Amino acid sequence: MANVLLSEAEKTYILHGIQKNMRNDGRTNRDYRPMELESEIVVHAAGSARLRLANTDILVGVKAEIDTPNPDRPNEGKVDFFIDCSANATPEFEGRGGEQLATEISNTLSKAYESQKGFDLAGLCIMAGHQCWKLYVDVLILECGGNLFDAVSLAVKGALFNTRIPRVSTAMHDGGSMDLILTDDPYDCERLDVTTAPILVTVCKIGDQCVVDPSAEEEECSVASVAVGVSCRPDGNTATKQSITTVRTSGEGSIRLETLKKCFDTATTVAASLNKALMKALNEDETRNTKGLGKREIYGFLK
């Protein structure tokens, strides 16, 4: 994460504001900064998305290949995460400075997606015990403005939402052998079900308060933080059920059990509203992109 030099007066100002539920950018302790999301922007990827969360800028591309399932999970596919921290994102990433952070984000995402309560990996299985889809999710951190874990997880879910994998059929030969037939029609594809794909919500302990979506300046004031992977599953007509898929703690400070429970409650509540807003934006973006050429809304200088 980006290191920001703050004076003691600046840290005191941020701390006092958070104690009164008024952060220095006008947000309450449970508010996220404005986001911008673009999808289907990498032409040769199976799915892609770019997310901007204030000054944090994330680009995600997804590639799909046929692989062999793990012996202990023969009915499931695989998801592999690779994080690249651009040297232009922050001076700390120059050289090999971002490798440790990239590994931490990758491991946290892997644990969140491999949980039985998270992403439905069974949907990636082609032939149980023999063939499955393996998704390579490449994440490029273009700019670092705080709260990388949350931003990366949202961008990943956005990229998986518009990922399309070719339809596969099987052909039986004499002797009982089977061949996979991969369609060559670029429009004959299957979508992934990302309903339960988890998102990460980072809750920072600053003073006695729990804060979500910390800025780079607020991260410098935090003594401890908890990144919680939350999967939202529909439960009834409008309600959703939240399940925690992974937990990662960081920082030099300690967290009491009561504070940890408060962090979990905050993370699950925020994740429900965040996931609802994300899925709504993705569906609206898809509807806009599927309109006829003369009916699409045109933005920017082309207008």
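Rules used in this analysis
- Residues numbered from 1 in each chain as written.
- Predicted model: local features only at pLDDT ≥ 70, side-chain atom pairs only at ≥ 80, totals over all residues.
- Heavy atoms only, no water.
- UniProt positions renumbered as here; feature names shortened; annotations may be inferred.
- Salt bridge = Lys/Arg side-chain N within 4 Å of Asp/Glu carboxyl O.
- Helix = DSSP H or I, 4+ residues; strand = E, 2+ residues; numbered from the N terminus.
- Buried < 20%, exposed > 50% of the residue type's maximum accessible area, 1.4 Å probe, protein only.
- Core = buried A, V, L, I, M, F, W, Y, C linked by side-chain atoms within 4.5 Å.
- Contact = heavy atoms within 4.5 Å.
- Pairing = 2+ DSSP bridges.
- Axes fitted to C-alpha atoms, helices over the stretch in contact; angles between N-to-C directions.
- pLDDT = per-residue confidence, 0-100.

The name recorded for the chain in an unreviewed UniProt entry is Ribosomal RNA-processing protein 42, from Anopheles merus. Its UniProt record, at the heading Sequence similarities (unreviewed entry), says of the chain: "Belongs to the RNase PH family."

### Focus: the pattern of salt bridges
Tallied over the entire structure, the rule returns 16 salt bridges. With a shortest N-O distance of 2.8 Å, R23 and E218 are connected by a salt bridge. Of this pair, R23 sits in the loop between α1 (8-19) and β1 (35-39) while E218 sits in helix α4 (residues 216-221), and the two are 195 residues apart along the sequence. Notably, a salt bridge pairs E218 with R27, separated by 3.7 Å at the nearest N-O pair. With E218 in helix α4 and R27 in the loop between α1 and β1, the pair connects residues that are 191 residues apart, well separated along the chain. Residue E218 is classed as buried on the basis of its relative accessible area of 1%. Taken together, the shared-partner salt bridges in this structure form one network comprising R23, D25, R27, R33, D213 and E218.

### Observations regarding the nonpolar core
Within the largest apolar cluster, 60 residues are counted, with the highest numbers of intra-cluster contacts made by I58, I105, L109, V137, I141, V156 and L160. Per element, the largest residue contribution to this core is ten residues, and it comes from helix α3 (residues 148-161). Filtering out sequence-adjacent residues up to four positions away, V137 remains in contact with V60, G61, V62, V79, D80, F81, F82, V156 and L160. Within the second largest apolar cluster, seven residues are counted, among which are I14, C204, V211 and C221.

### Observations concerning unusual backbone geometry
Phi angles above zero are rare outside glycine, and N21 is one such case at about 60°. You can see N21 is positioned in the loop between α1 and β1.

### With respect to the sheet that holds strand β12 (residues 209-212)
The strand order β12-β11-β13-β14 describes an open sheet built from four strands, whose pairing is antiparallel. Looking at the sheet topology across the chains shown, the edges are occupied by β12 and β14 (240-250). Adjacent strand axes in the sheet meet at a mean angle of 30° when their direction is disregarded. Across the sheet, helix α2 (residues 99-114) touches β11 (199-206) and β14, and the angle it forms with β14 is around 150°.

### Some words on the confidence of the model for the chain
Across the chain, pLDDT averages 85, with 89% of residues at or above 70. When mean pLDDT is compared element by element in the chain, α3 scores highest at 94, while strand β9 (residues 178-182) scores lowest at 72. Here residues 298-303 scores under 50 on pLDDT; set against residues more than four positions off or in separate chains, the count is two contacts.

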